[in-house]
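Chains, contacts and geometry: an overview
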Amino acid sequence: MTYRPLADEIRPQSLDEVVGQRHILGEGGLLRRIIEGGNIPNLVFYGPSGTGKTTVANIIAKRTNRPLHRLNATTASISDIKEIMAQIGTMLAPDGVLLYLDEIQYFNKKQQQSLLEFMENGKITLIASTTENPYFYVYNAVLSRSSVFEFKPLTAADVLPAVERGIRLMGERLEGEVVCEEGVKEHIASACGGDVRKAMNAVELLLNSAKREQGKLLVTLADAQTVAQRSAMRYDREGDDHYDIASALMKSLRGSDPDAACHYLARLLEAGDLITAIRRLLCSASEDVGMAYPQAALIVKALVDNALQLGLPEARLPLAQAAILLATAPKSNSVYKAIAAAQADIRKGKTGDYPRHLQNVHADSAGMERDQGYLYPHDFPNHWVRQQYLPDALAGSHYYQYGDNKVEQAAKRYWDAIMGDKP
């Protein structure tokens, strides 16, 4: 008998059998109404692997009278597209074709443009899928002719019925009663990271290797934990997950949530991405804590150095310390706002010449800075003297505003007392 992967055998044959995606496939969902209406437009599905994109495309194919062609953009070429185009209008495809193009982000601009003429006249109905954000990876001309639907990650509750069905099918296939220890099904459902295909692969491996006793297939929780370890990680250093986790870590630090910060840091470290974790921590020390606790930058740098010397897995300890420090530290974005405002003026062309008294000595024939009119602050009380430092075009501009935290307000009081009320 020909081997058939469990993930393929269990693939839903109707919309009601598709797990998750209730926001688009539930009763009254837009995609469900489109499919049931029968007039299928060009579609782009995007979302993580194993969330039903290919399954829904197969269900759509059954509802049309057009032949279905499948291509994977990682291996397909323009010649493959031309072969499909050649069938259009012939007895093989008198009414056009339905083309399912997986991983469309791997098609370059020329390859994607080769589809446009036939999408325009309706001879091709394109269903493209991608794990990446299509607004970054699919060309506008293709997107403008398509309806985009997001397939969201599945929850453990979504996956559990599929796990139970897979175990039942494997029992029938292996002709044995399946006996699972408590927690086995739930662990597989939660550890697959919202990917039904991963869950089915785990079920298949577990059942094929299960111990047989008196005609029963015994599945232990320990075996399930071994098979499903790390499966929950959805991470691609070149894809959206990389940026999403990095963003989530940064925003959790900024939001003063040490628990969330540890969670996203752990996800980066489990994926072995030490560099992204380090960069976010170092950045947050200045961007989000900044002058509210200036020592944070020094402490975080020391902890990062420790992590680099230790390497993984021990590096998790100093990095976790840095994350908790930053999440619980007082916050100020005055540094970020100051440099952003200064750069904004420069980009607008607001620069101007350096004041004469700030230029290097070679800029003046007198040859001495003080002869240029420069006032040396250390010669004055409190090591400060009023003089212009900004170019004339920007005189009076203010970029840095003291934050409302204790440290910056103390500095403000100090300088207010010295400078007085004058600008």
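Report follows, based on the coordinates. Computed from a predicted structure; not experimentally measured.

**Examining the sheet that holds strand 6 (residues 177–180)**
Strand pairing in a sheet relies on backbone hydrogen bonds. The paired strands run either parallel or antiparallel. Strand order in the open sheet formed by three strands is 6-8-7, with mixed pairing between adjacent strands. In this open sheet, the two strands that pair with only one neighbour each are strand 6 and strand 7 (211–213). Adjacent strand axes in the sheet meet at a mean angle of 35° when their direction is disregarded.

**Considering the packing of helix 15 (residues 258–270) against helix 16 (residues 274–289)**
Relative orientation of the contacting elements helix 15 and helix 16 amounts to 150°, with a least axis distance of 7 Å. Between helix 15, through Leu 265, Leu 268 and Leu 269, and helix 16, the contact on the second element is made entirely by Leu 274, Thr 276 and Ala 277. Its residues assigned to classes, the contact of helix 15 with helix 16 shows five nonpolar, one polar and no charged.

**With respect to the pairing of strand 8 (residues 216–219)**
Residues Leu 217 and Val 219 of strand 8 are buried on one face, while the alternating residues Lys 216 and Leu 218, pointing to the opposite face, are not. When strand 7 meets strand 8, the two strands line up antiparallel, connected through three bridges. Residue Arg 212 lies in a different strand from strand 8, and its bridge partner there is Leu 217.

**Examining the sheet that holds strand 3 (residues 97–102)**
With parallel pairing, the five strands of this open sheet are ordered in space as 2-3-4-1-5. Looking at the sheet topology across the chains shown, the edges are occupied by strand 2 (68–72) and strand 5 (147–150). Neighbour-to-neighbour, the strand axes of this sheet turn through a mean angle of 15°, independent of strand direction. Sheet topology note: the strand 1 (residues 43–46)/strand 4 (residues 124–130) ladder contains four bridges and is parallel. Residue pairing across strands places Tyr 46 opposite Thr 130, the latter belonging to strand 4. Along the sheet, helix 5 (residues 78–87) makes contact with strand 2, strand 3 and strand 4, crossing strand 2 at roughly 170°.

**As for the side chain of Asp 273**
Here Asp 273 lies in the loop between helix 15 and helix 16. A distance of 2.9 Å separates polar atoms of two side chains, one belonging to Asp 273 and the other to Thr 276.

**Looking at the environment of Tyr 100**
Looking at the element boundaries, Tyr 100 is found in strand 3. Owing to a relative accessible area of 4%, Tyr 100 belongs among the buried residues under this scheme. Separated by 43 residues in sequence, Tyr 100 and Ala 57 place their C-alpha atoms 7.0 Å apart. Once you skip the residues sitting within four places of it in the chain, Tyr 100 turns out to touch Lys 53, Thr 54, Ala 57, Leu 68, His 69, Arg 70, Leu 71, Ile 127 and Ser 129. In terms of polar contacts, Tyr 100 uses its side chain to reach the side chain of Ser 129, at 3.1 Å.

Conventions used here
- Residues numbered from 1 in each chain as written.
- Predicted model: local features only at pLDDT ≥ 70, side-chain atom pairs only at ≥ 80, totals over all residues.
- Heavy atoms only, no water.
- Pairing = 2+ DSSP bridges.
- Helix = DSSP H or I, 4+ residues; strand = E, 2+ residues; numbered from the N terminus.
- Axes fitted to C-alpha atoms, helices over the stretch in contact; angles between N-to-C directions.
- Contact = heavy atoms within 4.5 Å.
- Nonpolar A, V, L, I, M, F, W, Y, C, P; charged D, E, K, R; others polar.
- Buried < 20%, exposed > 50% of the residue type's maximum accessible area, 1.4 Å probe, protein only.
- Polar contact = N/O pair within 3.5 Å; in protein donor to acceptor, adjacent residues only side chain to side chain.

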